[in-house]
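# Understanding the architecture of this molecule
Here is how the chains run, residue by residue.
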Amino acid sequence: MVDVARVVISDFRGRHGFLSNFDHAPHRWEQIDYPTTEHSFNAGKSLDMGVRLWIAEARTPAEAKRRGRSVQLRPRWDEKVRYEVMAEVLAAKFRAHPDKAAALVATGDATLIEGTMWHDLTWGGFCHCGRPACVRPGQNCLGKLLMALRAELREQG
Ligand SMILES: [Zn+2]
């Protein structure tokens, strides 16, 4: 019997940078074009199209994230809507970029876990900052959505 160690991809940089929400990957979501899914996800926090455009125009994903922190959250964002929006913007991104979709499918059955340094234990799978508050596994919601999308893309061939 051979015990095959499960492959884990936990560094969404370099050759796996296409898995990151900071990846430059222009796509359209709900009538607006965004340069990254960090932009579209943060825009999704608001239902105001003016606010969404303001976030779409942020020069960097980090700036889009900052702008997203200042908006009035739409109803049920934290408990529900944010997961739906993330799934939608990821689908929009990978459908707009067949090369990235192929690269995602090519990760096979690898477990996708975003390792963070920024204490995000909701989207991330862990934080290696070293603070006591971060010494626990995260929910890995981004990784889970990426794996679900991978299964969908694989089925569609
Ligand atoms: Zn941390």
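Residues numbered from 1 in each chain as written. Predicted model: local features only at pLDDT ≥ 70, side-chain atom pairs only at ≥ 80, totals over all residues. Heavy atoms only, no water.

Per an unreviewed UniProt entry, the recorded name for the protein chain is NADAR domain-containing protein, and the organism is Micromonospora pisi.

Our focus in this paragraph is the environment of Arg136. Take Arg136: it is sitting in the loop between β6 (126–127) and α6 (141–156). Considering only alpha carbons, one finds Arg136 and Ala92, 44 residues apart in sequence, at a separation of 32 Å. A distance of 3.3 Å separates the side chain of Arg136 from the backbone oxygen of Ala133, its partner in a polar contact. (Helix = DSSP H or I, 4+ residues; strand = E, 2+ residues; numbered from the N terminus. Polar contact = N/O pair within 3.5 Å; in protein donor to acceptor, adjacent residues only side chain to side chain.)

If you walk through the whole model with that rule in mind, you get 11 salt bridges. Here Asp11 makes a salt bridge to Arg13, at a shortest N to O gap of 2.7 Å. Connected through salt bridges with shared partners, the residues Asp23, Lys93 and Lys100 form a single ionic network. (Salt bridge = Lys/Arg side-chain N within 4 Å of Asp/Glu carboxyl O.)

With that settled, consider the layout of surface pockets. Its volume calculated, the largest pocket comes out at about 630 Å³. When residues of the lining of the largest pocket are assigned to their parent elements, the largest contribution, four residues, is made by helix α4 (residues 77–96). Along the lines of polarity and charge, the residues of the lining of the largest pocket split into nine nonpolar, seven polar and 10 charged. (1 Å grid on protein atoms, 1.4 Å probe; cavity = no way out; pocket = protein on both sides within 12 Å on 5 of 7 lines; lining within 4 Å. Points joined across faces, edges and corners; volume = space filled by probe spheres on them. Nonpolar A, V, L, I, M, F, W, Y, C, P; charged D, E, K, R; others polar.)

Summed over all chains, the structure comprises four aromatic pairs. Relative to Trp77, the ring of Phe41 has its centre 5.2 Å away and its plane inclined at 45°; by these criteria the two rings are tilted. Residue Phe41 is located in helix α1 (residues 37–43), and its partner Trp77 is located in helix α4; the two are separated by 36 residues in the primary sequence. In terms of burial, Phe41 and Trp77 fall into one category: buried. Ring geometry for Tyr83 against Trp123: centres 5.4 Å apart, planes inclined by 50°, an arrangement best described as tilted. Note that Tyr83 is positioned in helix α4 and Trp123 in the loop between β5 (115–116) and β6, a separation of 40 residues in sequence. Judged by relative accessible area, Tyr83 falls into the partly exposed class, the value being 24%. By relative accessible area, which is 8% here, Trp123 ends up buried. Chaining the aromatic ring pairs together yields one cluster made of Phe41, Trp77, Tyr83 and Trp123. (Phe/Tyr/Trp six-rings, centres within 6.5 Å; stacked < 30°, edge-to-face > 60°. Buried < 20%, exposed > 50% of the residue type's maximum accessible area, 1.4 Å probe, protein only.)

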